[in-house]
Amino acid sequence: MTDKPSYIADLRGYKKIKAFLQRDNFDGFTAEDLFIIQFFKKGWGQDIAALSNMAEALRNMAQLEVVESTEIKELLNSAVLRALHNKVSPYKRDPREVKNLGRYGYYLEHLNIILGCYQAVVDDTYLDLNQRVTQHLVDASLAESNLHAPLLPNVRMRWSADQAAIIYSIWLFDQNNGTSLSNELSNRWVEYMDANMRDPQTGLYATEVMGVKRYSKQPRGCALAYLIYYCSHFAPQVAASQWALFKEHMLIKRIGISGFREYLASYKGGWTPDSGPIIGGIGVGASGLALKTAASMNDESVYKALHGSISPVIRFMKSLAHVPVIKRLARLGADLLATSIKLNSESHITLTKRSLL
């Protein structure tokens, strides 16, 4: 093992994820694991998203060699098994037992990322499922004139950020297996986005392609941070352009705290389970997700500004955990999703820095 690089010198986040993945008798995520379950029992898909970020972080940690490889491999296998568990799978059973994968693009995008990270680090145990999900997502995306696969049955809304994650998961399969299944889809999707989804005032990509929500044609912070991160892998030039615009129009500073707006200043919008609280225009979700976006863009100045703003807020919220009235809110910045995103970003920027040495 090598010395611990600076951004992950503190392994508390890794240890928390390790404790969760080594927990016996897993029977789904609880309100102690995910902040949102206190309010929405189904968790709005944050369970599979947390596992996806865990898997990426573990893959990064394996490349950094800061912990034993055998331990990383065991944890990645545990992440896969939890993703396939009937309390996480929308099929209510292991998807390997399902004949038709259907219109569950949101779950499948994250499952496919987890499977791709597993193959990159461990072996081909889950390759058949990985290949099946990959081909399903390719077919489901290309079948739509807007190149956006359905995300949930009976739900019209389709977020471009999730389609970026779908393409990233296919791209990851390509990287592992020497295929090119993502090429046509990524090229056509970028063409569609440029032609149909640019905000006329800012050039930023709008959020949702079906026009279901009032904010559908608005650029949103959490969506852009998510989209740019995934695009940075399969469409780096697109990511660089959108990142520059994102910083220009939505990066702000309030009372010494740097963060990204959830909405443009010209639009009045409220918080959602995706955005989290919005304070002084700064979106908690947008700023937290932008940590790993800044890491993927190798933008250390923005990364440091966000990290320096978020860390004291998290410490303050943790200090409130003993206060009965607000202790539930105190978990927001320290649940498994937030912890996984943070470790993913820390390990990612450390890898980027090391590759440039």
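Data block above holds the structure.
The sections below set out a description of the structure shown in this document. (Residues numbered from 1 in each chain as written. Predicted model: local features only at pLDDT ≥ 70, side-chain atom pairs only at ≥ 80, totals over all residues. Heavy atoms only, no water.)

## A short note on the packing of aromatic side chains
Reasoning step 1: This model, assessed by the stated rule, comprises 17 aromatic pairs.
Reasoning step 2: Pairing Y91 with Y104 gives two aromatic rings, centres 5.0 Å apart and planes at 70°, and the pair type is edge-to-face. Remark: Y104 occurs in the loop between helix 3 (69–84) and helix 4 (105–121) and Y91 occurs in the loop between helix 3 and helix 4; sequence separation between them is 13 residues.
Reasoning step 3: Consider the rings of W159 and Y215, whose centres lie 6.2 Å apart with planes at 70°: the pair is edge-to-face. Note that W159 is positioned in the loop between helix 5 (127–142) and helix 6 (160–177) and Y215 in the loop between helix 7 (183–196) and helix 8 (221–234), a separation of 56 residues in sequence. (Phe/Tyr/Trp six-rings, centres within 6.5 Å; stacked < 30°, edge-to-face > 60°. Helix = DSSP H or I, 4+ residues; strand = E, 2+ residues; numbered from the N terminus.)

## Here's the deal with the pattern of salt bridges
Oppositely charged side chains can pair when the atoms bearing their charge come close.
Reasoning step 1: Under the criterion given, the structure shown has 13 salt bridges.
Reasoning step 2: One salt bridge in this structure joins D299 and K247, with 2.7 Å as the shortest N-O distance. Highlighted residues: D299 in the loop between helix 10 (284–296) and helix 11 (300–319) and K247 in helix 9 (residues 236–250), separated in sequence by 52 residues.
Reasoning step 3: Residue D299 is classed as buried on the basis of its relative accessible area, which comes to 10%.
Reasoning step 4: For K247, a relative accessible area of 28% gives the class partly exposed.
Reasoning step 5: Through salt bridges that share partners, E300, K304 and K353 make up one connected network. (Salt bridge = Lys/Arg side-chain N within 4 Å of Asp/Glu carboxyl O. Buried < 20%, exposed > 50% of the residue type's maximum accessible area, 1.4 Å probe, protein only.)

## With respect to helix 6
Reasoning step 1: A rise of 1.5 Å per residue sets the reference length of helix 6, with its 18 residues, at 26 Å; its end C-alpha atoms lie 26 Å apart and thus fit the reference within 8%.
Reasoning step 2: Among the 18 residues that make up helix 6, 14 are buried, leaving the element largely enclosed by the rest of the structure.
Reasoning step 3: Count one or two residues on from helix 6 and you reach G178, which has phi positive near 70°. (Expected span 1.5 Å × (residues − 1).)

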